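# Results of the structural survey
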Amino acid sequence: MLKARDPSYARVEDNDIRFFRGVLGDTGVITDSTALQALNQDWMGKYEGKSTVALRPKSTEQVSKILAHCNARRLAVVPQGGNTGLVGGSVSLHDEIVLTTTNMNRIISFDEVSGTLVCEAGCILEELDRHVGAHGFTMPLDLGAKGSCQIGGNVSTNAGGLRLLRYGSLHGTVLGVETVVADGTVVDMLQTLRKDNTGYDLKQLFIGAEGTLGVVTAVSILCPPRPSAVHVTYLAVPDFATIQKVFVRARQKLGEILSAFEFLDQQSLELTLTHLEGIRNPLPDTQTPFYLVVETSGSNEAHDYAKIEAFLEEVMEEGWVLDGTIAQDSTQTAAIWGLREGISVALKHAGAVYKYDLSMPVADMYSLVEETRERLAGLPVEVVGYGHLGDGNLHLNISTKKYDENILRHIEPFVYEWTAARRGSISAEHGLGQMKADCIGYTKSHEAVKLMGQIKRVFDPNGILNPYKVLPQSVSADSAD
Ligand code: FAD
Ligand code: 2HG
Ligand code: ZN
């Protein structure tokens, strides 16, 4: 149910528009309803905002002036990057002003010795990867939305993605951020140092804050050397218990070159083949409940290939893998990744989808998918499970034709309670957004949530930044105890 508009926020008036045009020029202020449509709609088509104004600053100084004005006027603001978020965080609920970083897309510097990239928040992930790739480096994160998500959005959601297993989370690879807090103060934390223990590491608060603490305007990030030998294998596995054995063996045998360990179930595969054109089944003659995408990234082609071949031989001899293929060229590699990355897109094509992004002990993961399937038996849904198994991250998706409160009642709070009972997380990598703002208490303690509310009020005492998201209103508001 849509939360009511908080009446303490002001409404945009003609004088505000005049002010914004004075700062950004006419082209930086969007009021045309057709142009606003794309900014008001989230990637899934599930959340629809009602913003009547969107702002497109080109510099940190402009962001600062906008926020200072909005704070003084108590106008609510939604920061927006590539708008690929999956929890309704990047669109408004009511008439909040959208502040998009799309025009802040300059690369500031790249240090070829350390591999440190400094860039503005609106740079698109794939373009950054191309840029650092030309210097022999790679971005430390990769995700299906790379063609449109922005680094500021990645940092603000603490995006995980397909290679977290190898390069770790953004809490480790982001070296610095520049951010503008609610009253317009620019906080320069754009360090490029690997080591810096001077005081509290404030930048960490902005990694995963989902636009509730400040607008991230620039980022410095450590890029690893680009691997010169990448091998991808696609494996058919009979059951979930066996997947865990294959994972343990992959870590033992592939060691430091293991860069991804992803799983999908038969239902995910079928749904993707049905709804996406151009996706090829890598093992068309083998039907089994589970498939794995295992990737290695290293620097010695022959040595790495031999290692993955030996691993494959071993897991097949054990009877753990029923069939498998190693991509022989970049086209086959892209085809396997195209299937894995295409699952979300296929789900979108299939209609409405209830998405749950959970982390928990790997051994428990698939039982949740099976129990959800049982609970929903008889309803017009397809329950699919896939995800970053190597990171203990399950993507449980319930696909149906249209959003339906009756279906939702069968899923929630069941999924959250089930996850909480195993000390998991109800938001492993996508964030809480508007979808789960009121659910944070399932897997974070009362005391922790209360502290988060206090932190929120330090950075944003008027609550203008991304209201109704991440924390329950009662916790964000000034009156919270
Ligand atoms: P947006 O969607 O625009 O915003 C996301 C949140 O960040 C919002 O709350 C917004 O207010 C805030 N925000 C955006 N920019 C800023 C800024 N500059 N300053 C402050 N706040 C800001 N996520 C993963 O973690 N792993 C995956 O593997 C993954 N795969 C995906 C695949 C597909 C096909 C899609 C559609 C999404 C996927 N996602 C994944 C989710 C999403 O892409 C990521 O969360 C991404 O990091 C969001 O970036 P964005 O620029 O689109 O941000
Ligand atoms: C992925 O891993 C993304 O593909 C998206 O995180 C997951 O759509 C989803 O549920
Ligand atoms: Zn994911």
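Residues numbered from 1 in each chain as written. Chains lettered and ligands numbered in written order. Predicted model: local features only at pLDDT ≥ 70, side-chain atom pairs only at ≥ 80, totals over all residues.

### Some remarks on the overall build of the chain
- Within the chain, the regular secondary structure consists of 17 helices and 16 strands.
- Rg of the C-alpha trace for the chain: 23 Å, near the compact-globule value of 23 Å for 481 residues, within the 12% margin.
- Principal-axis analysis of the C-alpha atoms places the extent of the chain at approximately 70 × 60 × 45 Å.
- In the chain, which comprises 481 residues, the share counted as buried stands at 48%.
- Taking all contacts inside the chain whose residues are at least 6 apart in sequence as the whole, residues at least 24 apart take part in 74%. (Helix = DSSP H or I, 4+ residues; strand = E, 2+ residues; numbered from the N terminus. Rg over C-alpha atoms; globule rule 2.2 N^0.38 Å. Buried ≥ 20, exposed ≤ 12 C-beta atoms within 10 Å, placed from the backbone. Contact = placed C-beta atoms within 7 Å.)

### What to know about the packing of helix 10 (residues 266-275) against helix 12 (residues 330-350)
- Axis separation between helix 10 and helix 12 bottoms out at 8 Å; the angle between their running directions is 70°. What the angle tells us is that helix 10 and helix 12 run roughly perpendicular. Of the two elements, helix 10 crosses helix 12, and the hand of that crossing is left-handed. Judged by residue contacts, Ser268, Leu271, Thr272 and His275 of helix 10 engage Leu339, Gly342, Ile343, Ala346, Leu347, His349 and Ala350 from helix 12.
- For the contact of helix 10 with helix 12, the per-class residue count stands at six nonpolar, five polar and no charged. (Axes fitted to C-alpha atoms, helices over the stretch in contact; angles between N-to-C directions. Parallel < 35°, antiparallel > 145°, perpendicular 65-115°, else oblique. Left-handed = near helix turned anticlockwise from the far one by under 90°. Nonpolar A, V, L, I, M, F, W, Y, C, P; charged D, E, K, R; others polar.)

### Some thoughts on the site of ligand 1
- The environment of ligand 1 is formed by 38 residues, the closest being Gly81, Gly85, Gly89, Gly152 and Gly153.
- Mapped onto the shell around ligand 1, the elements with two or more residues apiece are strand 3 (77-80), helix 5 (151-157), strand 9 (215-222) and helix 12.
- Among the elements that make up the shell around ligand 1, the one with the highest residue count is helix 5 (five residues).
- Split by domain, the residues of the shell around ligand 1 number at least three in each of domain 1 (107-222) and domain 3 (351-440). (Near = placed C-beta within 6 Å. Domains from an automatic or database assignment.)

### Some thoughts on the site of ligand 2
- The local shell around ligand 2 consists of Leu86, Gly144, Ile343, Ser344, Lys355, Asp357, His395 and Asn397.
- Where the shell around ligand 2 is concerned, the elements lending two or more residues are helix 12, strand 14 (352-359) and strand 16 (393-400).
- In the shell around ligand 2, the residues fall into two nonpolar, four polar and two charged.

### Section: the domain arrangement of the chain
- Here the chain is described as being made up of domain 1 (107-222), domain 2 (229-345) and domain 3 (351-440).
- Using C-alpha coordinates to define each centre, domain 2 is positioned 24 Å away from domain 3.
- If you look at the interface, domain 2 gives 14 residues, while domain 3 gives 13 residues.
- If you list the elements that add at least two residues to the side of domain 2 that touches domain 3, you get helix 9 (240-254), strand 11 (258-265) and helix 10.
- Considering every element that reaches the side of domain 2 that touches domain 3, the biggest residue donor is strand 11, with six residues.
- Here the residues of the side of domain 2 that touches domain 3 sort into nine nonpolar, three polar and two charged.

### Section: unusual backbone geometry
- Following Glu412, the chain continues into Pro413 via a peptide bond in cis, with omega recorded as 5°.
- Mapping Pro413 onto the fold places it in the loop between helix 14 (405-411) and helix 15 (414-421).
- If you check the backbone angles, Val470 has positive phi at about 70° while not being a glycine.
- Within the element layout of this structure, Val470 appears in the loop between helix 16 (446-459) and helix 17 (473-476).
- Overall, Val470 belongs to the buried group, with 27 C-beta atoms counted inside 10 Å.

### Quick word on the sheet that holds strand 6 (residues 116-120)
- Across the sheet, five strands lie side by side as 5-6-9-7-8; this open sheet has antiparallel pairing. Unpaired on one side and paired on the other, strand 5 (107-111) and strand 8 (186-189) mark the two borders of the sheet. In this sheet, adjacent strand axes meet at a mean angle of 10° when their direction is disregarded.
- Across six bridges, strand 7 (residues 174-180) lies against strand 9 in antiparallel orientation. Each residue of the ladder has a partner; that of Val177, found in strand 9, is Val219. (Pairing = 2+ DSSP bridges.)

### Comments concerning the environment of Gly49
- You can see Gly49 is positioned in the loop between helix 2 (33-40) and strand 2 (54-55).
- Apart from the residues within four sequence positions on either side, Gly49 is in contact with Asn40, Val91, Ser92 and Leu93.

### What to know about the sheet that holds strand 13 (residues 323-326)
- Strand order across the open sheet formed by seven strands is 13-10-12-11-15-16-14, with antiparallel pairing between neighbours. What marks the edges here is a single partner per strand, and that holds for strand 13 and strand 14. Across the sheet, the axes of successive neighbouring strands diverge by a mean angle of 15°, strand direction being ignored.
- Across four bridges, strand 10 (residues 229-237) lies against strand 13 in antiparallel orientation. For Ala236, the partnering residue across the bridge sits in strand 13 and is Asp323.
- Each of strand 10, strand 12 (290-298) and strand 13 is contacted by helix 11 (residues 301-317), which is oriented at about 10° to strand 10, the strand it contacts most.

### A short note on the nonpolar core
- Within the largest apolar cluster, 121 residues are counted, with the highest numbers of intra-cluster contacts made by Val77, Val219, Tyr291 and Leu292.
- Looking at this core element by element, the count peaks at six residues for helix 12.
- Excluding its chain neighbours within four sequence positions, the residues that come into contact with Tyr291 are Tyr234, Leu235, Ala236, Val237, Phe263, Leu264 and Leu269.
- One finds Trp43, Leu86, Met435 and Val475 within the second-largest nonpolar core, a separate group that totals twelve residues. (Core = buried A, V, L, I, M, F, W, Y, C linked by C-beta atoms within 7 Å.)

### A short note on the packing of helix 1 (residues 14-24) against helix 3 (residues 60-73)
- Following both chains from N to C, one finds helix 1 and helix 3 inclined at 165°, their axes separated by 10 Å at the closest point. With respect to helix 3, the element helix 1 is oriented roughly antiparallel. Here helix 1 and helix 3 pass one another in a crossing that is right-handed. Contacts between helix 1 and helix 3 pair Asp16, Phe19, Phe20, Val23 and Leu24 from the former with Gln62, Lys65, Ile66, His69 and Arg73 from the latter.
- Class assignment for the residues of the contact of helix 1 with helix 3 results in five nonpolar, two polar and three charged.

### A closer look at the confidence of the model for the chain
- Chain-level statistics for the chain give a pLDDT mean of 97 and a share of 99% at 70 or above.
- The ipTM assigned to the predicted complex is 0.99, against a pTM of 0.98. (pLDDT = per-residue confidence, 0-100.)

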